Amino acid sequence: MDHNLEQTISLLARTPAALNALLRGLPEAWTLQNEGENTWSAFDIVGHLIHADRTDWMARTNRILHSGESRPFDPFDRLGQIKASQGKSLEQLLDEFARIRSVKLGELRALNLQPRDLELRGQHPALGVTSLGQLLATWAVHDLTHLHQLSRVMASQYRAAVGPWSQYLGVLQCAGHGS
């Protein structure tokens, strides 16, 4: 499938509700456990999505629109959620994510981007030249990556409990995205 901005926005708009439906009200045994050292819990993943929405996607979109390739994107702090999430409950993070995502998608829609705009290019500090269309497609796939990670992290809590059935449960075999 080629990148389509309206389809991207449609997917991005659903992520907060998907997380809310899956996580709100679950016992902390599901939401605060991770897969071991240097891995993230459901709580950490939601915090990361908030941090990325607050500091990354629209900032880079605007950088492309205003500076093109002449000014590289600011580096993204992949662990910025740790400090920002301290002292908050998962329910607070879910509410915050729904709010920030709504605001950021409103900002994106207000740009009234045209197909030619998606070809505009920016400079990623590690990956080099990227287009606005690639950036926005990455935002959607980033959400899906962390939804995948979330299901794997949660499933791993029952790794031993499922016994021999683990061989049939692909989510338990996946070594995909870590933190």
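Structural notes, computed from the coordinates. From a predicted model like this one, the values you see are computed outputs, not experimental measurements. (Residues numbered from 1 in each chain as written. Predicted model: local features only at pLDDT ≥ 70, side-chain atom pairs only at ≥ 80, totals over all residues. Heavy atoms only, no water.)

### What to know about helix H4 (residues 57-67)
- All of the buried residues in H4 are Trp 57, Met 58, Arg 60, Thr 61, Arg 63 and Ile 64.
- Downstream of H4 by one or two residues, Gly 68 has phi in the positive range, about 60°. (Buried < 20%, exposed > 50% of the residue type's maximum accessible area, 1.4 Å probe, protein only. Helix = DSSP H or I, 4+ residues; strand = E, 2+ residues; numbered from the N terminus.)

### Considerations on the pattern of salt bridges
- Under the defined criterion, the tally for this structure stands at ten salt bridges.
- Here Arg 121 and Glu 69 are joined by a salt bridge, their closest N and O atoms 3.0 Å apart. In this pair, Arg 121 is assigned in strand S1 (residues 121-124) and Glu 69 in the loop between H4 and helix H5 (81-85), connecting sequence segments 52 residues apart.
- For Glu 69, a relative accessible area of 36% puts it in the partly exposed group.
- The salt bridge involving Glu 96 is made with Lys 88; its shortest N-O contact spans 3.0 Å.
- The class for Glu 96 is buried, based on a relative accessible area of 11%.
- Taken together, the salt bridges that share partners define one network made up of Asp 53, Arg 101 and Asp 143. (Salt bridge = Lys/Arg side-chain N within 4 Å of Asp/Glu carboxyl O.)

### Describing the side chain of Asp 117
- Looking at where Asp 117 falls in the secondary structure, it is placed in the loop between helix H6 (90-110) and S1.
- Here Asp 117 occupies a buried position and makes no salt bridge, while the nearest side chain of opposite charge, Arg 116, is found at 4.5 Å.
- Each residue touching Asp 117, except ones within four places of it in the same chain, is listed here: Asn 112 and Leu 132. (Lys, Arg positive; Asp, Glu negative; His and termini not counted. Contact = heavy atoms within 4.5 Å.)

### Here's the deal with the packing of helix H3 (residues 42-55) against H6
- Two elements in contact, H3 and H6, have axes whose closest approach is 9 Å; the angle formed by their N-to-C orientations is 25°. Between H3 and H6, the crossing angle belongs to the class labelled roughly parallel. As for how H3 packs across H6, the hand of that crossing is left-handed. Contact residues: H3 offers Phe 43, Val 46, Gly 47, Leu 49, Ile 50, Asp 53 and Arg 54, while H6 offers Leu 90, Leu 93, Leu 94, Glu 96, Phe 97, Ile 100, Arg 101 and Lys 104.
- Here the residues of the contact of H3 with H6 sort into nine nonpolar, one polar and five charged. (Axes fitted to C-alpha atoms, helices over the stretch in contact; angles between N-to-C directions. Parallel < 35°, antiparallel > 145°, perpendicular 65-115°, else oblique. Left-handed = near helix turned anticlockwise from the far one by under 90°. Nonpolar A, V, L, I, M, F, W, Y, C, P; charged D, E, K, R; others polar.)

### Here's the deal with the pairing of strand S2 (residues 128-131)
- Bridge count for S1 against S2 is four bridges, and the pairing is antiparallel. When the sheet's bridge partners are listed, His 124 is paired in S2 with Gly 128.
- The turn joining S1 and S2, which pair antiparallel and follow one another in sequence, is formed by three residues. (Pairing = 2+ DSSP bridges.)

### Here's the deal with the nonpolar core
- Counting residues in hydrophobic clusters, the biggest one holds 17 residues, and the most contacted among them are Leu 5, Leu 108, Leu 113, Leu 118, Leu 132, Leu 136 and Trp 139.
- Tallying contributions element by element places helix H7 (residues 132-156) first for this core, with five residues.
- In contact with Trp 139, other than residues within four places in its own chain, are Leu 12, Asp 53, Trp 57, Met 58, Arg 101, Lys 104, Leu 105 and Leu 108.
- Ala 42, Ile 50, Leu 90 and Ile 100 belong to the second-largest nonpolar core, a separate cluster that totals 16 residues. (Core = buried A, V, L, I, M, F, W, Y, C linked by side-chain atoms within 4.5 Å.)

### Overview of the environment of Gly 122
- Mapping Gly 122 onto the fold places it in strand S1.
- The spatial distance from the C-alpha of Gly 122 to the C-alpha of Arg 60 is 8.0 Å, given a sequence separation of 62 residues.
- In contact with Gly 122, not counting residues within four places along its chain, are Ile 64, Gly 68, Glu 69, Phe 73, Gly 128, Val 129 and Thr 130.

### Structural notes on the environment of His 51
- Examined against the element boundaries, His 51 turns out to sit in helix H3.
- What His 51 contacts, discounting residues up to four positions off in sequence, is Asp 56, Phe 76, Asp 77, Gly 80 and Gln 81.

Coordinates in, geometry out; function isn't part of it.
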